[in-house]
Amino acid sequence: MAKTLKQRRQTKHLRVRSKISAGTLARPRLNIFKSNTGIYAQIIDDDKGITIASASTQTLKLKGNNIENAIKVGQAIAENGKNQGVKAVVFDRGGYIYHGKVKALADAARKSGLEF
């Protein structure tokens, strides 16, 4: 039986998560999620199981799921992270290809001051 697109992405995400170190307070994990309507980013401390900072097209009141909005979300997550004292993160692309919106979000976060 063929896997659905969501199941294939989740398999890739597990593979990515096994290769990166878990996010700690010193270097939390920047996680990305894309849906049909928006893009979401969270900075997560896996030791405590809490979200330190988050940003999305929903919280920024942006319409659409395009590269320009991904750049704005990347800038917002970097600012929110810096406000919480986060300077360096581990990037978790969430099983998505590092291309297009994911790459734009990561580049915008780097330019705004996050190190990864």
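This text goes with the structure placed above it.
Given the structure is predicted, the values throughout are model-derived calculations rather than measurements.

### Section: the packing of aromatic side chains
- Taken as a whole, this structure holds three aromatic pairs when the rule is applied.
- Relative to Y40, the ring of F33 has its centre 5.9 Å away and its plane inclined at 40°; by these criteria the two rings are tilted.
- Look at F33 and you get partly exposed, because its relative accessible area is 37%.
- Ring plane angle 10° and centroid distance 5.1 Å describe the contact between F91 and F116, whose orientation is recorded as stacked. Taken together, the residues F91 in strand β4 (residues 90–92) and F116 in the segment after α3 (101–111) connect sequence positions 25 residues apart.
- The class for F91 is buried, based on a relative accessible area of 16%.

### Things to note about helix α2 (residues 67–83)
- Here α2 spans 24 Å end to end across 17 residues, near enough to the 24 Å set by a 1.5 Å rise per residue.
- For α2, every residue scored as buried is listed here: N69, A70, V73, G74, A76, I77, A78 and G81.
- Residues of α2 that are buried in the fold lie against β1 (29–34), β2 (39–45), β3 (50–56) and α3.
- At the exit of α2 stands G85, carrying a positive phi of roughly 90°.

### Some points on the sheet that holds β2
- Pairing is mixed across the open sheet formed by four strands, whose spatial order is β3-β2-β1-β4. Of all strands in the sheet, those bounded by a partner on one side alone are β3 and β4. Sheet twist, expressed as the mean angle between neighbouring strand axes with direction ignored, is 20°.
- When β1 meets β2, the two strands line up antiparallel, connected through six bridges. Bridge pairing in β2 links L30 to I43.
- α2 rests against β1, β2 and β3 of the sheet, and its axis sits at about 145° to β3.

### Considerations on the environment of T57
- Here T57 lies in the loop between β3 and α2.
- Given the relative accessible area of 1%, T57 is considered buried.
- In the structure, T57 is positioned 20 residues away from T37 in sequence and 8.5 Å away in space, judged by C-alpha atoms.
- What T57 contacts, discounting residues up to four positions off in sequence, is T37, G38, I39, L62, G64, N69 and V73.

### A look at the nonpolar core
- In this structure, L30, I32, A41, I43, I77, L105 and L114 are the most contacted members of the largest nonpolar core, which totals 23 residues.
- Among the elements of the structure, β1, β2, β3, α2 and α3 are those that each provide at least two residues to this core.
- Ignoring sequence-local partners within four residues, the contact set of I43 consists of P28, R29, L30, I50, T51, I52, A53, I77, G81, V86, V89 and L114.

The rules behind each value
Residues numbered from 1 in each chain as written. Predicted model: local features only at pLDDT ≥ 70, side-chain atom pairs only at ≥ 80, totals over all residues. Heavy atoms only, no water. Phe/Tyr/Trp six-rings, centres within 6.5 Å; stacked < 30°, edge-to-face > 60°. Buried < 20%, exposed > 50% of the residue type's maximum accessible area, 1.4 Å probe, protein only. Helix = DSSP H or I, 4+ residues; strand = E, 2+ residues; numbered from the N terminus. Expected span 1.5 Å × (residues − 1). Contact = heavy atoms within 4.5 Å. Pairing = 2+ DSSP bridges. Axes fitted to C-alpha atoms, helices over the stretch in contact; angles between N-to-C directions. Core = buried A, V, L, I, M, F, W, Y, C linked by side-chain atoms within 4.5 Å.

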